[in-house]
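Chain and residue survey
Residue-level listing of the chains:
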Amino acid sequence: MSKFLLLTFVCSLTALHNGKGLAAIAGDINNENDGTNYRLPDSTEPVSYDLRITPDIENLSFHGQVDIVVKSKQYTTEVILNSKDLILSSVPSFQDLKTNRSIEIKSYAFDERNEWLVVKLKKSIIPQRLYKFTVVFSGILRDDYTGFHKYFYDSGNHSRWIALTQFKPIYARRAFPCYDEPKFKTPYTISIGRQNQHSALSNMPLNYSEIHQQNGWVWDHFKTTKPIPTYLVAFMVSDFDKNYINGDNIAMHTRKEYIEYTTYMMGKAPNLLRGVETFTQIPYMLPKLDLVGVPLLNAYSMENWGLNSYEEFYVTLSKDSQTEDKIQGSMTVLHEILHQWFGNMVTTPWWDNAWLNEGMCNYLNYYITSMIEPEWDMEESFVEKVHQYALSWDEYDDTHPLTFAVSSPDDIENAFDTITIDKSAALFRMLKCVVGEENFRTSVNKYLNDFAYMEAEPEDLWDTFDYVLYDADNLIEDDITINNYMDLWTKQPGYPLITVKSANNGSVVASQKRFCLSNPRRTTDNVKWFVGLTYTTESEMDFEELTPTVWMKPTEEHTALTVPENFGWIIVNIQSTGFYRVNYDEKNWKLLLIQLITNPDRIHVLNRAQIVDDVYHLCRAALLPYDYYTSLLEYLLMEDHVMPWNAAITGLSSTMDSIRRYPTEYLKFKKYAKGLADILYDKLSENQIVQIQNATTRIGWSRLLTWTCSVGNSRCAKSASRHFDAWMTGHEIPHEMEEAALCAGMKKGNIAALSKIHKLYSTTRSPSQKKIILRALACTDNIQMLMSHLDLMRLDDVDHGSLQSFKTVCDNVVTTPVGVKALSSFLIQKLNAIQSSPIRDNLNKYIVVAYSALAPKVATDDEIAVMDKIRGSVISADLKIVLDEIYQKIESNLLWMERDHKKIMRAIKI
């Protein structure tokens with residue numbers, strides 16, 4: 001399981017999901033889950049912690065003492081807790097708090113595999129008695145951005161440092177010995193030693209400070225926390241400045257030269273906090289909330305209770321920042337604020353249900369943002385970026401269910417993938433539509449109140465929903481509870497394909513089976529779900545009723561749908577609220593096509609995008625002929641909304657990547673795509689984009705404009721080149737043309753152009769602009785230039801930032817055939833150096849990142865031979881398992897094209 005999850009995480013490292021998947025890459029890939037029980041034994045449990053810790057930046061280390069009040073749950077002579085990479089400065093002590101007698105330590109030892117500190121006592125401790133367990137320890141301030149870590153950053157002409165914590169999911173044990181499992185929620189009293197010129201922050205407000213007379217160091221003693229799990233404990237030492245508004249409990253912290261730029265988010269953050277308070281009807285539960293801007297590209301965002309941390313850019317936006325950056329910044333901050341309720345106040349006891357809080361926060365992030373910023377079109381954004389994305393991830397037969405067993409540290413680190421984060425969010429949206437908005441909110445609020453400061457399982461949430469629905473006399477179906485409904489969706493992998501057919505007598509029936517794109521199929525499971533169907537017909541045209549009116553049950557083969565006489569077409573899954581795809585009979589597909597060609601606006605835009613997305617995947621699964629898809633794309637001449645175009649281009653781009661295996665067919669398909677690009681350019685020439693009032697719509701059309709240039713629209717290319725030339729002489733590029741213009745500049749291939757683009761990358765603070773530049777850098781047709789670009793990446797260490805940056809570069813380089821050749825050559829070139837490195841187990845992650853980026857793009861025999869050679873050349877057996885998993889996707893694409901390339905050619909009629 002851990003190898004598979006590593007594979008999924010490599011592909012899902014996206015900024016929208018706060019970088020959580022990066023832990024999977026940075027984690028060990030050489031821990032095979034062999035059945036070892038990594039969970040702590042149930043013989044003792046913590047009651048409270050008193051933690052004193054001091055960073056020593058000169059020696060790159062820290063030292064501290066932790067006093068843990070422990071309750072014994074049974075007679076035992078052994079106390080086990082988690083510890084990793086720590087040194088014990090003295091023999092631990094153990095004291096009976098009732099008698100004040102010390103219990104002598106017989107021995108202590110580290111179990112490195114389990115990451116345990118095992119302490120053996122000379123005599124047994126007794127149940128229900130409290131003991132104080134004291135450990136004096138030290139460790140190295142880490143540089144891998146886990147545990148208690150440090151890094152240096154430039155500030156003017158000086159190098160400064162910051163020391164802070166990142167304990168999620170299992171990194172508290174790298175800072176102090178502890179019971180490092182989320183079920184152990186206990187209060188912490190934290191004290192931090194620091195030099196006078198620095199400041200310290202922790203989860204709670206400062207209680208008092210005192211100066212150590214011998215060395216002049218300051219000890220900051222913080223108020224005791226509420227019961228929290230170890231992964232939410234947080235502290236930091238820095239020389240940051242603070243920005244706050246009198247009377248408000250929110251403060252921003254960042255380096256001195258950027259503190260003035262926190263004003264915009266200081267105005268936004270209270271609204272975000274109030275948005276969550278309004279939804280939950282529960283006031284924020286701590287006396288303060290510190291938001292820290294970390295001066296590190298691709299820094300983790302982290303929801304530490306009372307001390308949230310973010311990449312610096314997101315707390316230093318301005319009112320003049322790009323809308324795309326404002327959206328990303330607002331949602332990044334809101335996601336971690338949401339976790340103060342979901343995860344911090346109510347916690348799942350183990351990581352097998354990590355999806356519960358991640359999915360709720362992901363969905364509510366869009367939901368609450370849509371309330372605060374209605375002009376940002378968050379419902380459409382959710383369907384495209386979360387719902388459709390999760391469907392495309394979950395359509396293979398080797399995916400995992402939301403709830404799945406995790407045991408080892410490696411498994412835990414890998415547990416935050418697209419299924420965990422996005423599929424779960426899509427299911428919460430589906431559940432909201434099933435029960436209705438009011439019942440959804442009431443149920444979630446009751447769940448938070450009932451389990452406040454405790455642990456809860458998914459079943460507890462489902463039971464709460466059933467309780468609320470019962471009181472409201474609003475049961476969804478006689479024999480369907482929320483518990484058994486959601487149980488099937490969360491404990492089974494995949495999702496259903498709903499097939500809808502009309503009979504000669506005018507009746508309509510639906511059936512379900514698991515949808516799968518794996519080729520060949522590796523499983524023959526016949527899983528089914530409770531599926532709530534929403535639908536409308538041409539005669540009814542009701543796209544606003546999102547509560548299911550018909551229920552499909554796993555025990556039934558067919559389900560009847562009630563429709564009026566002469567109903568015309570039927571559309572199932574209104575506004576894509578259900579997590580499933582839909583297929584129809586030939587007659588209904590033709591009626592839908594006629595509707596789309598004649599008057600597409602009669603169908604809701606979310607359903608238009610759904611139809612385009614579903615038809616493409618149904619063709620790939622050999623369930624529809626390709627001429628259905630190409631006929632459908634002809635309606636785009638009438639389409640003036642960005643969402644259906646995005647869905648179409650996703651399918652076209654994927655097909656173009658794979659059909660490149662057949663050069664003649666590739667040229668014909670590219671000509672076909674160019675024809676669609678010509679239509680698109682007529683719709684969204686840059687002058688028309690400027691006139692679009694809605695900022696998020698303008699962002700979407702701008703991305704499509706870049707695509708029209710990339711597939712060869714001559715007018716787009718000329719316009720982009722003209723803007724680039726003007727930029728080289730000091731003029732600004734319109735934002736909507738920036739990526740296309742910089743791409744055109746890279747294709748020119750001159751040193752002056754490359755130098756200025758690199759300078760822009762190094763000076764801009766905007767993450768969205770950095771991504772645009774990285775995509776543009778991949779546009780060159782010069783393989784040596786691409787190789788030079790890749791050689792700038794240092795592959796001598798693994799940390800959060802460098803790994804994410806490397807992945808971003810790889811993902812962009814492989815967007816062209818020249819880039820595929822460049823990256824595969826680069827990987828072959830670096831393979832021996834990585835594998836001979838003393839830290840090769842960590843550096844192997846770079847191999848996985850590059851290999852994963854190449855896998856969906858390679859098509860020719862030569863390219864595939866290189867991929868085969870790479871996986872055959874690796875030394876690590878565990879790495880080879882991962883690469884073999886990835887290679888299966890290459891084989892699946894090959895079989896797809898071998899089966900379908902002629903069918904595709906017949907469908908495009910070129």
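If you're wondering where the values come from, they're calculated on a predicted model, not measured in any experiment.

A sheet is described by the order of its strands in space; here four strands give the open sequence 27-23-22-29, paired in mixed fashion. Of all the strands in the sheet, the pair left with one neighbour each is strand 27 (559-561) and strand 29 (581-584). Strand after strand, the sheet turns through a mean of 30 degrees between neighbouring axes, direction not considered. Bridge analysis of strand 22 (residues 496-502) against strand 23 (residues 508-514) gives seven bridges, and the strand direction is antiparallel. Bridged to P496 within strand 23 is R514. Relative to strand 29, helix 13 (residues 605-620) is tilted by about 75 degrees, and along the sheet it contacts strand 22 and strand 29.

Our next topic: helix 11 (residues 482-491). Burial within helix 11 is extensive, with seven of its ten residues counted as buried. Within the span of helix 11, buried status applies to I482, N483, Y485, M486, L488, W489 and T490. As for helix 11, its buried residues are in contact with helix 5 (355-372), helix 8 (418-435), helix 10 (458-471), strand 22, strand 24 (531-533) and strand 26 (550-552).

On to the packing of aromatic side chains. According to the stated counting rule, one finds 40 aromatic pairs in the structure shown. For the ring pair Y363 and F382, a centre distance of 5.6 Å and an interplane angle of 80 degrees mean the geometry is edge-to-face. Separated by 19 residues along the polypeptide, Y363 in helix 5 and F382 in helix 6 (residues 378-393) bring together distant segments of the chain. One exposure class covers both Y363 and F382, and it is buried. Plain terms: the ring middles of F724 and W727 are 5.6 Å apart, the flat faces sit at 50 degrees to each other, and that makes the pair tilted. Of this pair, F724 and W727 are both found in helix 19 (residues 714-728), three residues apart, which corresponds to roughly one turn of the helix.

Strand order in this open sheet of three strands is 3-7-6, and the pairing throughout is antiparallel. On the outer flanks of this sheet lie strand 3 (76-82) and strand 6 (105-111), each paired with one strand and no other. Neighbour-to-neighbour, the strand axes of this sheet turn through a mean angle of 20 degrees, independent of strand direction. Where strand 3 lies against strand 7 (residues 116-125), six bridges are found, and the strand directions are antiparallel. For T76, the partnering residue across the bridge sits in strand 7 and is I125.

Inspection of the secondary structure puts S43 in the loop between helix 2 (22-26) and strand 1 (44-56). With sequence-adjacent residues up to four places away left out, S43 is seen in contact with K71, S72, K73, Q74, T76 and E78.

Okay, the environment of A859 next. Along the chain, A859 falls in the loop between helix 26 (840-854) and helix 27 (861-873). Residues A859 and K150, 709 residues apart in the sequence, show an inter-C-alpha distance of 43 Å. Residues within four places of A859 in sequence aside, it is in contact with D657, S658, R660, R661, I864 and L894.

Applying the stated rule across the entire model yields two disulfides. Covalent S-S linkage joins C709 and C716, the inter-sulfur distance amounting to 1.8 Å. Its S-S torsion of approximately -85 degrees makes the covalent link between C709 and C716 left-handed. For C716, a relative accessible area of 0% translates into the label buried. Here C743 engages in a disulfide with C779; their sulfurs sit 2.0 Å apart. On the sign convention where negative is left-handed, the bridge of C743 and C779, at about -110 degrees about the S-S bond, is left-handed.

Turning to the confidence of the model for the chain, a few remarks are in order. Scored by pLDDT, the chain comes out at a mean of 90, with 94% of its residues at no less than 70. In this model, residues 1-35 is a region of pLDDT below 50 whose contacts with residues beyond four sequence positions or in other chains number 117 contacts.

Applying the stated criterion to the full structure yields 54 salt bridges. Here D85 makes a salt bridge to R142, at a shortest N to O gap of 2.9 Å. In this pair, D85 is assigned in the loop between strand 3 and strand 4 (87-88) and R142 in the loop between strand 8 (130-140) and strand 9 (147-155), connecting sequence segments 57 residues apart. Of the residues examined, R142 reaches a relative accessible area of 15% and is grouped as buried. In this structure, D241 engages K256 in a salt bridge whose closest nitrogen and oxygen atoms are separated by 3.2 Å. Placement of D241 in strand 16 (residues 241-244) and of K256 in the loop between strand 17 (250-254) and helix 3 (263-280) is noted, with a sequence separation of 15 residues between them. Classification of D241 by relative accessible area gives partly exposed; the value is 27%. For K256, a relative accessible area of 42% puts it in the partly exposed group. Through salt bridges with shared partners, one network takes in D42, E45, K71, K73 and K183.

Quick look at the pairing of strand 7 now. Pairing of strand 6 with strand 7, which is carried by six bridges, proceeds in the antiparallel orientation. Each bridged residue has a counterpart across the sheet, and for S107 the counterpart in strand 7 is K120. Between strand 6 and strand 7, which pair antiparallel one after the other, the connecting turn spans four residues, and E115 there sits at a positive phi close to 60 degrees.

Put simply, helix 15 (residues 642-659) and helix 18 (residues 695-710) touch, their axes get as near as 10 Å, and they point 35 degrees apart. For the pair helix 15 and helix 18, the crossing hand works out as left-handed. Contact with helix 15, carried on its side by V642, W645, N646, I649, L652 and S653, involves G700, W701, L704 and W707 of helix 18 and no other residues of that element. Residue classes in the contact of helix 15 with helix 18 are distributed as seven nonpolar, three polar and no charged.

What counts as what
Residues numbered from 1 in each chain as written. Predicted model: local features only at pLDDT ≥ 70, side-chain atom pairs only at ≥ 80, totals over all residues. Heavy atoms only, no water. Pairing = 2+ DSSP bridges. Helix = DSSP H or I, 4+ residues; strand = E, 2+ residues; numbered from the N terminus. Axes fitted to C-alpha atoms, helices over the stretch in contact; angles between N-to-C directions. Contact = heavy atoms within 4.5 Å. Buried < 20%, exposed > 50% of the residue type's maximum accessible area, 1.4 Å probe, protein only. Phe/Tyr/Trp six-rings, centres within 6.5 Å; stacked < 30°, edge-to-face > 60°. Disulfide = S-S within 2.5 Å. pLDDT = per-residue confidence, 0-100. Salt bridge = Lys/Arg side-chain N within 4 Å of Asp/Glu carboxyl O. Left-handed = near helix turned anticlockwise from the far one by under 90°. Nonpolar A, V, L, I, M, F, W, Y, C, P; charged D, E, K, R; others polar.

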